[in-house]
Every structure is written in structure tokens, then in C-alpha cells.
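An overview of the molecular structure
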Amino acid sequence: MSEVVTYQREGAIGVITVNYPPVNALSHAVRSGLLDALKQGQADAEAKALLLVCEGRTFIAGADIREFGKPMQEPGLPTVVEAYENSDKPIIAAIHGTALGGGLEMALGCHYRVALESAKVGLPEVKLGLLPGAGGTQRLPRLAGAQKSLEMITTGDFISASDALQAGIVDAVEASSDAKAAGEQFALKVIDEGKPARRVRELTDRIEADKGSDVFEQFRTGLQKKARGLFSPFKCVDAVEAAFQLPFEEGMKRERELFMECMESPQRAGLVHAFFAEREVSKVPGLPKDTPVRDIKSVGIIGAGTMGGGIAMNFANVGIPVRLLEVKQEALDKGLAIIRRNYENTAKKGRITQAQVEERMALIQPTLAYEDFGDVDLVIEAVFENMGIKKEIFGTLDKVCKQGAILASNTSTLDIDEIASATNRPEDVVGMHFFSPANVMKLLENVRGTKTADDVKATVMDIAKRIKKVGVLVGNCYGFVGNRMLHQRGAEAIKLVNEGATPQQVDKVLTDLGFPMGQFAMSDLAGIDVGYRIREERRNAGENIPPSWMDKLAEQGRLGQKTQAGTYLYEEGSRKPIPDPKVDALIEEFRKEQGIEPREITDQEILERCMYVMINEGAKILEEGIADRALDVDIVWIYGYGFPAYRGGPMFWADQVGVKEIYETVKRFHDTLGGDQWKPAPLLERLAKEGKTFGSL
Ligand code: 3HC
């Protein structure tokens, strides 16, 4: 008898219970257990109907993702679903939590579905580079029609129980917290009314209604933009369309073929890596799960600019009161007006109500006085990158903040230990690096200083979850993980243009790789003055940073999108970069000044120089322990810089390209181009020589 799936009769109902924590995923043991339990139910003469229900926090959340890429062990999921559908005794699925992927497909194989009001259902396979592979693309359309099925299957988004009821995916929704009881009640009704085993595969109304519809082409066109570079969303459309073109059995075969194509694709491997990496980053090596966290009930934020305002919104969105400080009333008023405008825009799109706008605004209290920070539990400083100013602020915070308050800096590059040295409580000081726009980007790069206390580290990781971000804990160095690698890429991109490439060519190579924008479009978004100020700061600190054409742009006041001109031009109200001949001339002039003879640069050289310089830096970051694991680097890049998740993050991507190939190219660049950035990281060299990958560390 399976331990993870049990059969037990209660009156006239045979109850099949799955109990496989944490999410009842359909592992081999669960699949076999489901078949065994079904056999028992069918053989049990007293059972007039069967009920499929799950223990724990959720109904079945899908196939067991950990089994992907390994040889499939029989029985496969389609066989299990089919066996349930073939049962002569009616089977009812009782859904609580989330019925996802293979979980929803199991439920669709049952003859009736009842869901708790709080439940959600979805087919999120596309988010893992897959499509539903156990009949989801063939059965869902028979209940919900083409439009809804395409929406659910190509986005992978979950829908609420009431939505599912309206779409015909579930038969009843119960305002209860007990799925088993709700299911039993429904099953008794089925028995009393003598309802038959209603098989979804036999339903034809919705198929007939949408046959020949142009909705499939509409989805394909829409996906060209929304799913640029992705493989599986298009296969999802093909599979759903098959439900309308082929008899059920043949549709199932088509689904399987397309599913296997997706399963073999490198995008599936990248997305599954990203799924687990996102969960692993919260488990910080050396920081036990039971490390206490400090109670954060209120937050103070210094700086009401773009960053400070965005950070404030994150806290207000989850009901945590914020005090927002500026030195001048005018700046405070401007900052609050921008926050209000952002909220109003969200309300206009129908994502929040006007009442929520007011509630959130009321949670953000403006102030001009540091004394108002006396009782806050956490302060986040978000002023511009200047060590002197930051140290002065932290000196003040040390005086006004209560003992035990966490003092955080949103610095994107500067030394947390030096900032902490301005206080008498370095154990309470930490970096909390948000990414712009701070209310949107999901990454929170938390930076531990040498003396940061463990409970402070645990608290900032916990806060990331509370404000619905992905927190990654990293070590202290110039630029931490993300910007340290970005700066190498940025410097290389500028040099490529010095040598003969155009900014557009560099950007296109990066967007072709899957980045949402290229290096120079990104500088325009962030503000060219940001990079300029950082370079100046480093020059003042004695570093040898050669002049560049980007400095000239900044000096001319071409600061990017905010001045409608940077490397590109921008039309009023538009974010679309337009190449500018004036910039070409400026670059040309710069080359002449520097005596550079421009040469033809291939896309391959751009790719290698922009990406391998990052990988080499990533290897140094790992070696120095700034990032604990390659997957930490991957998540920083996926959530902070839009690295395409389907490539798994830069270090995962490097493993796919081949560590040896990258090492040899880095070495060649070191010999030909020179510079510390091309000095092969000893870790890269070691892995290449041992034939190992970053993932193996
Ligand atoms: N297989 C294996 N492990 C899974 C899993 C799955 N399908 N889903 C979640 N887990 C694991 C997580 O890795 C995590 O493990 P950890 O504690 O060791 O880190 C644990 O379950 C809890 O997951 P979360 O931290 O994500 O918990 P939440 O409560 O925040 O979310 C969830 C729960 C909504 C179920 C979320 O985990 C989720 O979205 N899971 C993926 C669901 C999915 O994609 N299903 C489709 C799979 S593909 C498929 O079914 C193919 C079929 O069509 C043939």
C-alpha cells in the first residue's frame, strides 16, 4: 500500500487521499499510488462514488519538477488521468489551495470538480518552458472554450475559484475551509441524483462553437511581442488548436509530441533552474532557518526621489507605515506627487481601487525632521551615491534612532562597512539595494557588512518576502554582485563603440540574447548622470578610468530619457529609443581626439566581450564569497536586470555555452586586449581545466 496515496471508504464514498508534502507534486510514488487507490475504489462494491482530495496546504500543484530531465518511470501522468476518466464510478475532485499543471489535469480527468472559495487553478507549465502534457490542452478547451484556454495556457496565470466556476472549469464553489467535507457533500448529491461519470473528453459543444475561430492567429500575433524569444508559448497555441482540429485521441498524441519538444528544449532547463534558484536564494548558507528576525512595524526612508518614492510604495502596498524624509519641502511635495500619480495610474488600469490609493497615501507620512525617525524599526537611506553625504546621514541616524533599529543603505555600489563606520552600531547596518523602478523590479540585493548581525541579515531577507520581492544576500564589495558585473559589461560596451561598433549594434546583440533592453538604452533609462557620477567618484578616489564618449554626453546635459536625449533621442512621452546622428558625430569626434581608427566589429565579438567579461567577474565574485552560489548570481541578474529567465541566469548560461570555451576566449582577450577585467578568474580556469561547471560548485 502506498504511503503517499491512501484509499478509505466513508459511507458510500471511497476517499482517495494524496499526502505528499509540501505540495502533493505528482512524483512517481504519487502516480502509482493514485492508480492503486483507484483500483481499490473500483473493486469496493460499497463505494458508489469516489472522491479525490489532498492533505496539507494544497491540492496537487503539478508534476514533480525534480523528476524533469530524468528517465520517465511508468505510469506516466496521462495514463493515470485517463484511468480516472475511464472509471465507471463518478469521481469528484475536491480542490483547496492550488490545483496547478498536472494537478489541474488530474482534476480534469475526474468527472466533477468542487473548489473552495479560496482555491486557485492554473496551467503554469509555460512558465517552466513547457505546455500541459497530461491532456490539459485537450480537456480544458472542452470546458472553457478557446479564448479562456489560450489565456490560461499561454500566460500560465492562476485564476480564482469563482472565475473557474464562471468558465465552466469547476462545477461548484464552496465557502468552506474543509475541502474534504465540501467534496463529500457534492459526492452525496451525485450519488443521490444518480449523476453519471461525465467525461470531459466526450464534451463537444465548446469545441464546435470555436472551431475555425481566428483567435489562434490573434494569440500567435500577440505572442510575437509578449513572448519574444520564447519557445513554449507558441507550442501551447499549437496544442490548444489541435483540440479544435483533431479527434480527442489524436489531439492527445499531438499534445505529447509538442510537450516532448518543449521538454528537450534548453529553455525548459533554464526556466526550471530559475524556478528552483528563486526558492534556494532564501536559504542562505550559514544563516539557520530559525535565526530570529526583528519586528518591523514601521519604516523611515531618506530621500523622496525616484528611488526613495518607489521604495516607500513597496511598504505602503503591504500596509507598513512609512515616514518619508527630505531636506526641503519642495522636494518632499514633488516626491509625494509622483507617488500619488503612480498609484492613480495603477487605479486607472483597474489594478487597485481609488480607496486603496488613499489608504496607501495615508500610510506615507512626509517629514523634514530626522527626529521623526526616533521610533521607526527600519530606516532606508536612498540619497545619491556620495560617501560623504551617506556617512553624515548615518552619523545622524546613530543619534536619533532607537536601539535595535536597522539602519540600511540603498547604495548601489558603495562600501557598507565604511558607511557603518559612521555609527556606533555597525551590527545594525546593512545594505538594501533596490532596483529601479523600485516599486516594480522584483530584486532586493541585501548586502551584509563585515559586522552586520545575523538577525539583521535574516530580517532584511524576511522583509523581501513581506514586500513581495526576491531577496538575495550578498557580500560587500564595490557594486556588490549585480552592478559589479554590470559595470564590467558597461565599460566593455563603451570600448566596443570606441573601437568602431555603434551603440545600436551593441544593444541589438543584447536584446537578441533576450535582454529587454541593451546597455545604452538601459543607461538612458537609469540616467547617464548616474554612471558619470560613479566614474567621477572613482576617478577622485584615484582610479584610472579613461575618458569616454559617454562622459561627453553627460557633460552636454544629455542625461537619457529624463532629458529626452541621451545615447538615443526620445519623443515626448515615449520610451522608444531613436538613434541620433548627433551622437554618431560625437562618437566620431571622440575617436579622432583619441586617435582611434574605427574597425568593423562582429556581433559575435560584441556578444563575447559583453557577456564573457561578466562571467569572468561572476567567477571572481564567487571565489571571493561575495555570492555564495552561482544561483545567487543568476537570480540577481534575472530579477534585477531582466536577464532572460529562459537562459537560467548568466552563470547557468555560461555552463551551457561551456566553461572551457569561455575560459579560452577570456584568456585570448587578456592576451590581445589586456586589462584586469580579462585576467581569467582562477575559479574559471580551475573549472575549465577540471571539466566542471558553475552549477557543480
Ligand atoms: N514539483 C516539485 N517541487 C515543487 C513543486 C513541483 N511541482 N512545486 C513546488 N515545489 C516545492 C518548491 O521547490 C519548494 O521546495 P523547498 O521548500 O524545498 O524550497 C516547496 O515545494 C514549496 O514551494 P514554494 O516555496 O513555491 O511555496 P508557495 O506556497 O509559495 O507556492 C506553489 C506553492 C504555488 C505550488 C508554487 O510552488 C508553484 O507555483 N509551484 C509550481 C507549480 C507548477 O509549475 N506546476 C506545473 C508543473 S509542470 C506539470 O505539471 C507538467 C504536466 O502538465 C505534465
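Residues numbered from 1 in each chain as written. Predicted model: local features only at pLDDT ≥ 70, side-chain atom pairs only at ≥ 80, totals over all residues. Heavy atoms only, no water.

1. Comments concerning the environment of isoleucine 601
What counts, and what does not: In DSSP terms, a helix is any run of H or I states spanning at least four residues, a strand is any run of E spanning at least two, and both are numbered starting from the N terminus. Should any heavy atoms of two residues lie within 4.5 Å, those residues are counted as being in contact.
Take isoleucine 601: it is sitting in the loop between α23 (581-594) and α24 (603-623). Separated by 105 residues in the primary sequence, isoleucine 601 and leucine 496 have C-alpha atoms spaced 7.8 Å apart. Contacts of isoleucine 601, omitting those with residues within four sequence positions, involve Leu496, Glu499, Gly500, Ala501, Gln505 and Ile606.

2. A few points about α24
Threshold: Given a helix with a known number of residues, its expected span is that number minus one, times 1.5 Å.
Taking 1.5 Å per residue, 21 residues should reach 30 Å; α24 reaches 30 Å between its end C-alpha atoms and fits that length. Looking at the residues trailing α24, positive phi occurs at glycine 625, about 75 degrees.

3. What to know about the domain arrangement of the chain
Condition: All the domain ranges listed were derived from an automatic or database domain assignment. By buried area we mean how much accessible surface two parts lose on assembly, using a 1.4 Å probe and totalling the loss over both. Criterion for a salt bridge: a side-chain nitrogen of Lys or Arg within 4 Å of a carboxyl oxygen of Asp or Glu. Under this definition, polar contacts are N or O atom pairs within 3.5 Å; protein pairs additionally need one hydrogen-donor-capable and one acceptor-capable atom, and for neighbouring residues in sequence, both atoms have to be side-chain atoms. Amino acids outside the nonpolar list (Ala, Val, Leu, Ile, Met, Phe, Trp, Tyr, Cys, Pro) and the charged list (Asp, Glu, Lys, Arg) are all regarded as polar, and Gly is one of them.
Here the chain is described as being made up of domain 1 (5-263), domain 2 (299-478) and domain 3 (502-600). For domain 2 versus domain 3, the separation of C-alpha centres amounts to 29 Å. Taken residue by residue, the interface counts seven residues in domain 2 and four residues in domain 3. For the domain 2 and domain 3 pair, buried surface summed over both sides reaches about 470 Å², with 58% attributable to carbon and sulfur atoms. A per-residue breakdown of the area domain 2 buries against domain 3 is headed by Phe384, Glu385 and Tyr478, which together make up 67% of the total. At the junction of domain 2 with domain 3, the criterion picks out zero salt bridges. Counting every contact that joins domain 2 to domain 3 gives zero residue pairs in polar contact (both at pLDDT 80 or more). Taken together, the residues of the side of domain 2 that touches domain 3 break down into four nonpolar, two polar and one charged.

4. A word on the UniProt feature "domain: 3-hydroxyacyl-CoA dehydrogenase C-terminal" (unreviewed entry) in the chain
Using the following cut-off: UniProt positions are given in the numbering used here, feature names are shortened, and annotations may be inferred rather than shown by experiment.
In the numbering used here, UniProt assigns the feature "domain: 3-hydroxyacyl-CoA dehydrogenase C-terminal" (unreviewed entry) to residues 479-570 and 606-692. Counted over residues 606-692, helix gives 70% and strand 0%. Its end C-alpha atoms are 26 Å apart.

5. Comments concerning the UniProt feature "domain: 3-hydroxyacyl-CoA dehydrogenase NAD binding" (unreviewed entry) in the chain
Sequence positions flagged by UniProt for "domain: 3-hydroxyacyl-CoA dehydrogenase NAD binding" (unreviewed entry) are, in local numbering, residues 299-476. Secondary structure content for residues 299-476 is 42% helix and 21% strand, and the end C-alpha separation is 23 Å.

6. Description of the site of the ligand
Quick reminder of the rule: Nearness of a residue to a molecule or strand requires only that one of the residue's heavy atoms be within 4 Å of it. Each accessible area value is a Shrake-Rupley result obtained with a 1.4 Å probe; residue values ignore everything except the protein chains displayed when judging cover.
In the vicinity of the ligand there are 24 residues, among which Arg57, Glu105, Glu125, Arg279 and Lys283 approach most closely. A distance of 2.6 Å separates an oxygen atom of the ligand from a polar atom in the side chain of lysine 283. Contact with the protein chains covers 77% of the free accessible surface of the ligand, which is 990 Å². For the shell around the ligand, the elements supplying multiple residues, two or more each, are α3 (102-109) and α11 (266-280).

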